Amino acid sequence: MAIGFALLGLFGGIQKAKAEREAGEQRRRSAYLNAIEVGYQKKQAEIQAIQQHNFRLQEYAIAKASNINFDSFRNVEGASVDAYLKRNESTAYGDITRLASDRKLQSLQLSSQQKRLREEGDYALRAAKTTAFSTMINTGMNFGKTYMG
């Protein structure tokens, strides 16, 4: 009778260790899928930033052309017109530089988040394997005590 309980305990311990490992693998898969999702967010943010960059350049080009045409129509030339155009150009390129800087920062943050998620998944799997190994050791020791004792 004692051998039956010992074998039942051994079987239960093996199943528990197997479930612990599978749970760790599932947590790892989930973390990696989350990292992939963050990668998609990163790509979308990059595309959006490029669109904003192009839109700002287009706005500047339209405004510059309009100002030049209007000043030509009014027959206005000189240093004040050039200064005005340079100031607008400086503002536009300042905006573009800020957009590029923001895009780079967001990209770095999302890359860091991706890496962290993958590491969390790897650590979860490693912890699950360690727990499963510990369960197997305890199961073996309990089997030995029950069967031998």
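One structure accompanies this document, and this report is about it. Just so we're clear, the structure is a prediction, and the values are computed from it rather than from any experiment.

With respect to the secondary-structure elements, Arg 116 resides in helix H2 (residues 79–148). On the basis of relative accessibility, which here comes to 38%, the residue Arg 116 falls in the partly exposed class. Considering only alpha carbons, one finds Arg 116 and Ala 31, 85 residues apart in sequence, at a separation of 9.1 Å.

Turning next to the pattern of salt bridges. Using the criterion set out here, one finds eight salt bridges in the structure. Between Arg 56 and Asp 95 there is a salt bridge, and its shortest N-O distance comes to 2.8 Å. Note that Arg 56 is positioned in helix H1 (residues 2–74) and Asp 95 in helix H2, a separation of 39 residues in sequence. Put simply, Glu 119 and Lys 115 hold a salt bridge, and the shortest N to O gap is 3.7 Å. Here Glu 119 and its partner Lys 115 are both found in helix H2, four residues apart, which amounts to about one turn of the helix. When its relative accessible area of 32% is taken as the criterion, Glu 119 is described as partly exposed.

This paragraph deals with a nonpolar patch on the surface. Together, Ile 3, Leu 7, Tyr 147 and Met 148 line one region of the surface with nonpolar side chains, adding up to about 440 Å² of accessible area. Put simply, the parts of the chain that give the nonpolar patch at least two residues each are H1 and H2.

Here Leu 117 shows up in helix H2. Judged by relative accessible area, Leu 117 falls into the buried class, the value being 10%. Sequence separation of Leu 117 and Arg 28 is 89 residues, and the distance between their C-alpha atoms is 8.9 Å. Here Leu 117 is in contact with Ala 31, Asn 34, Ala 35 and Val 38, once residues within four sequence places are set aside.

Counted according to the given criterion, the structure contains zero aromatic pairs. One residue, Arg 28, lies across the ring of Tyr 32, its end atom 4.5 Å from the ring centre.

Moving on, we get to the side chain of Lys 42. Within the element layout of this structure, Lys 42 appears in helix H1. Although buried, Lys 42 forms no salt bridge, and the nearest oppositely charged side chain, Glu 46, lies 4.6 Å from it. Residues contacting Lys 42, with those up to four places away along its chain left out, are Ser 107, Leu 110, Ser 111 and Gln 114.

Turning our attention to the environment of Thr 131. Looking at the secondary structure, you find Thr 131 in helix H2. Under the relative-accessibility criterion, Thr 131 is labelled partly exposed at 40%. Along the backbone, Thr 131 and Gly 24 are 107 residues apart, and their C-alpha atoms lie at a distance of 9.6 Å.

Parameters and conventions
Residues numbered from 1 in each chain as written. Predicted model: local features only at pLDDT ≥ 70, side-chain atom pairs only at ≥ 80, totals over all residues. Heavy atoms only, no water. Helix = DSSP H or I, 4+ residues; strand = E, 2+ residues; numbered from the N terminus. Buried < 20%, exposed > 50% of the residue type's maximum accessible area, 1.4 Å probe, protein only. Salt bridge = Lys/Arg side-chain N within 4 Å of Asp/Glu carboxyl O. Patch = residues over 30% accessible without salt bridge, like charges linked within 9 Å, V, L, I, M, F, W, Y side chains within 5 Å. Areas by Shrake-Rupley, 256 points an atom, 1.4 Å probe, with all protein chains shown as cover. Contact = heavy atoms within 4.5 Å. Phe/Tyr/Trp six-rings, centres within 6.5 Å; stacked < 30°, edge-to-face > 60°. Lys NZ or Arg CZ within 6 Å of the ring centre and 35° of its normal. Lys, Arg positive; Asp, Glu negative; His and termini not counted.

These results come straight from atomic positions and should not be treated as a statement about function.
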